[in-house]
Amino acid sequence: MKHQKHFIRILILLALLSATAFTRAQVSFDSERGCLNVVDFSHGQRLGEYGDKCVSINYLHEKFINERFCIGAGFGYSHHSKYKFSAIPVFLSTHYFFLDKRFSPFVNLRVGGFGMFGEKNVDTKEKYSVSSNKLDFNLFVSPGIGVKMHITPDIGILVSINDDAYLVNAFDTNKNDYKNKLIHDLGINIGVCFQIKGW
């Protein structure tokens, strides 16, 4: 509950900052002036039978291919409430902006792997338990859709909804055994995007 109230306050603050600066904002990022850097925070609710609440923070560094499309890489940190583990995902990331304007909808895709640590609910044979037998590769995938709005020509805000999915060896209550499952959370992401000349 405290996390949700804090998250709502951040949303309101970002909306006020955006509203006051909107008239001064220019068109869009200049694809010739450096790369897109994004720092975002996400609070996710469980999605699906084996989904879990998740809080995460990520950093992305993407190179503009043209005015609307950029691709790069990123890393982050997430904590999963019921499964009781933390993860550090490392991933390729891409954004496609539908408009070359200060306000634009976009789609985003992140694909990579993650390292898991701090597991506390291991081999208990209960729902939201993970196995001590590690997977060869822990897949991370996160498609999303959102909107970008500029505060200045070099700084903007990204707000999106993402389906973050982590592949883990989780306990299947129907089969009474551990199975490879994608655990999902539907996250509201708030990010600051910026350009640094020469990057």
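Chemist: Outline the overall build of the chain, listing residues and values.
Modeler: Helix and strand counts for the chain come out as one helix and eight strands. Helices and strands in the chain line up, N terminus first, as α-β-β-β-β-β-β-β-β. Of all intrachain contacts in the chain linking residues separated by at least 6 positions in sequence, the fraction that spans at least 24 positions is 65%.

Chemist: Can you tell me about the sheet that holds strand β5 (residues 103–117), naming the residues and giving the values?
Modeler: Strand order around the closed barrel formed by eight strands is β1-β2-β3-β4-β5-β6-β7-β8, with antiparallel pairing between neighbours. Going from strand to strand, the sheet's axes swing by 25 degrees on average, the running direction of each strand aside. As paired elements, strand β4 (residues 85–97) and β5 share twelve bridges and run antiparallel to each other. Directly across from F97, in β5, lies its bridge partner F106.

Chemist: Which residues make up the packing of aromatic side chains, and what values do they have?
Modeler: Going through the model one piece at a time under the given rule, you end up with ten aromatic pairs. Each ring, one from Y77 and one from F117, has its centre 6.3 Å from the other, and the planes form 45 degrees; the classification is tilted. Separated by 40 residues along the polypeptide, Y77 in strand β3 (residues 69–80) and F117 in strand β5 bring together distant segments of the chain. Looking at F117, the relative accessible area reads 36%, which means it is partly exposed. Ring centres of F114 and Y166 lie 5.2 Å apart, and the angle between their planes is 80 degrees; this geometry places the pair in the edge-to-face category. Taken together, the residues F114 in strand β5 and Y166 in strand β7 (residues 155–172) connect sequence positions 52 residues apart.

Chemist: Tell me about the pairing of strand β8 (residues 177–196), and name the residues and values.
Modeler: For a regular strand, the rule is simple: side chains alternate between the two faces of the sheet. As judged from the 13 bridges shared by strand β1 (residues 35–47) and β8, these two strands associate in the antiparallel manner. By the bridge assignment, S42 is partnered in β8 with N189. Note that β7 and β8 share 18 bridges and pair antiparallel. Each bridged residue has a counterpart across the sheet, and for F171 the counterpart in β8 is Y178. Counting the residues between successive antiparallel strands, the hairpin from β7 to β8 contains four residues, one of them, N176, with a positive phi of roughly 50 degrees.

Chemist: Can you explain a negative patch on the surface? Please cite residues and give values.
Modeler: Together, D30, E32, E67 and D100 make up a region of like negative charge exposed at the surface. Classification of D100 as partly exposed rests on a relative accessible area of 30%.

Chemist: Which residues make up the environment of S132, and what values do they have?
Modeler: Mapped onto the fold, S132 is located in the loop between β5 and β6 (139–152). On the basis of relative accessible area, S132 is assigned to the partly exposed category, the value being 40%. Along the backbone, S132 and N169 are 37 residues apart, and their C-alpha atoms lie at a distance of 8.4 Å. Residues within four places of S132 in sequence aside, it is in contact with V122 and D123. Side-chain polar atoms of S132 contact the side chain of D123, separated by 2.7 Å.

Chemist: So, a nonpolar patch on the surface: which residues are in play, and what are the values?
Modeler: A surface patch of nonpolar side chains, amounting to about 720 Å² of accessible area, comprises L47, Y96, F98, L99, V107, I145, I161, L186 and I188. Tracing the sequence through the fold places I188 in strand β8.

Chemist: Report on the state of the cysteines, specifying residues and quantitative values.
Modeler: Each disulfide consists of one covalent bond between the sulfur atoms belonging to two cysteines. Per the counting criterion, the structure on display carries zero disulfides. C35 carries a free sulfur, and the closest cysteine sulfur to it, the one in C70, is 8.9 Å from it. Overall, the relative accessible area of 5% leaves C35 in the buried class. Classification of C70 as buried rests on a relative accessible area of 0%.

Definitions and limits used
- Residues numbered from 1 in each chain as written.
- Predicted model: local features only at pLDDT ≥ 70, side-chain atom pairs only at ≥ 80, totals over all residues.
- Heavy atoms only, no water.
- Helix = DSSP H or I, 4+ residues; strand = E, 2+ residues; numbered from the N terminus.
- Contact = heavy atoms within 4.5 Å.
- Pairing = 2+ DSSP bridges.
- Axes fitted to C-alpha atoms, helices over the stretch in contact; angles between N-to-C directions.
- Phe/Tyr/Trp six-rings, centres within 6.5 Å; stacked < 30°, edge-to-face > 60°.
- Buried < 20%, exposed > 50% of the residue type's maximum accessible area, 1.4 Å probe, protein only.
- Patch = residues over 30% accessible without salt bridge, like charges linked within 9 Å, V, L, I, M, F, W, Y side chains within 5 Å.
- Areas by Shrake-Rupley, 256 points an atom, 1.4 Å probe, with all protein chains shown as cover.
- Salt bridge = Lys/Arg side-chain N within 4 Å of Asp/Glu carboxyl O.
- Lys, Arg positive; Asp, Glu negative; His and termini not counted.
- Charge placed at Lys NZ, Arg CZ, Asp CG, Glu CD.
- Polar contact = N/O pair within 3.5 Å; in protein donor to acceptor, adjacent residues only side chain to side chain.
- Disulfide = S-S within 2.5 Å.

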